[in-house]
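Structural overview for review
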Amino acid sequence: MILFSKVRVPVPSAACGAVEMYVSRVSRTIARGSDAGNDWTSLHASPRKVLEWFATAGFAVSGRREMLARFMPCEQRLASLDQLKREVRPALAVPRFWQLGGADYGFDVTPHLPYWLAMNDASFVPLLVPTHQMAHFSQALMA
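A few points on the structure. Given the structure is predicted, the values throughout are model-derived calculations rather than measurements. (Residues numbered from 1 in each chain as written. Predicted model: local features only at pLDDT ≥ 70, side-chain atom pairs only at ≥ 80, totals over all residues. Heavy atoms only, no water.)

Take the sheet that holds strand β8 (residues 104-107) next. Strand order in the open sheet formed by 4 strands is β5-β4-β8-β7, and the pairing between neighbours is mixed. Strand pairing shows two members of the sheet lacking a second neighbour, β5 (69-70) and β7 (97-101), which therefore form its edges. (Pairing = 2+ DSSP bridges. Helix = DSSP H or I, 4+ residues; strand = E, 2+ residues; numbered from the N terminus.)

Now for helix α1 (residues 47-56). The set of residues buried in α1 consists of P47, V50, W53 and F54. Projected down its long axis, α1 shows its buried positions confined to an angular sector of 115 degrees, all on one face. The outward face of α1, more than 90 degrees from its buried face, is lined by the exposed residues A55 and T56. (Buried < 20%, exposed > 50% of the residue type's maximum accessible area, 1.4 Å probe, protein only. Arc of directions from axis to C-beta.)

Most often, soluble globular proteins keep nonpolar side chains buried together rather than apart. W53, F59, L117 and L127 are the most contacted members of the largest nonpolar core, which totals 39 residues. The element best represented in this core is helix α3 (residues 112-119), accounting for 5 residues. Look past the residues within four positions of L117 in its chain and what remains in contact with it is V9, V11, V19, M21, A122, V125 and P126. (Core = buried A, V, L, I, M, F, W, Y, C linked by side-chain atoms within 4.5 Å. Contact = heavy atoms within 4.5 Å.)

This part is about the pairing of β7. Regular strands place side chains that alternate from one sheet face to the opposite one. Counted residue by residue, β7 has 4 buried out of 5 residues, so it is predominantly covered. Counted between consecutive antiparallel strands, the loop separating β7 from β8 contains 2 residues, among which G102 sits at a positive phi close to 55 degrees.

What follows covers the side chain of Q133. Note on placement: Q133 falls in the loop between β9 (125-130) and α4 (134-141). Overall, the relative accessible area of 7% leaves Q133 in the buried class. Among the polar contacts listed, one links the side chain of Q133 to the backbone nitrogen of Q99, at a separation of 2.7 Å. (Polar contact = N/O pair within 3.5 Å; in protein donor to acceptor, adjacent residues only side chain to side chain.)

Attention now goes to the sheet that holds strand β6 (residues 92-93). One open sheet accounts for 3 strands, arranged β1-β2-β6; its pairing is mixed. Two strands in the sheet have a free side with no partner beyond their single neighbour: β1 (4-10) and β6. In this structure, β1 lies alongside strand β2 (residues 18-24), joined through 7 bridges in antiparallel fashion. Within the sheet, the bridge partner assigned to F4 lies in β2 and is S24. Seen against the sheet, α3 touches β1, β2 and β6 and runs at an angle of roughly 145 degrees to β2. (Axes fitted to C-alpha atoms, helices over the stretch in contact; angles between N-to-C directions.)

Attention now moves to the packing of α1 against α3. Closest axis-to-axis distance for the α1/α3 pair is 8 Å, and the angle between their directions is 130 degrees. One finds that α1 runs oblique with respect to α3. Classified by chirality, the crossing of α3 by α1 is left-handed. On α3, the residues that touch P47, V50, L51 and F54 of α1 are P114, Y115, A118 and M119. Broken down by class, the residue content of the contact of α1 with α3 amounts to 8 nonpolar, no polar and no charged. (Parallel < 35°, antiparallel > 145°, perpendicular 65-115°, else oblique. Left-handed = near helix turned anticlockwise from the far one by under 90°. Nonpolar A, V, L, I, M, F, W, Y, C, P; charged D, E, K, R; others polar.)

Distances and angles like these do not, on their own, reveal function.
Spelled out as structure tokens, the structure:
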């Protein structure tokens, strides 16, 4: 039984012209006290909209509201992701994001990968979002 599916994201500056990512087929709730749920849907977000989103929204690791803050890119993490320009690496996990309320969002892993993809002209930025919030994310992040 295959527990994940792969997605190839075209990125002009990446080794081989793309970054390979995977979507886990095993869904689980990773947010304490959120209504993110277990049902996740893949979204192909617009890179331009993702950059606008990161510039204006608040983000909280694991949905912990006490950690809510604006996204501040870490140069070290971005430099580490720049290795994708020189070498093909094993598939990376598609990150999960969910709306906490208003312009505040929770996430399961660092938001640097979607930011890096958007900054490096990816054709799209894959994200996993709760199925019941798909309309919100589609309106906010798709062209």
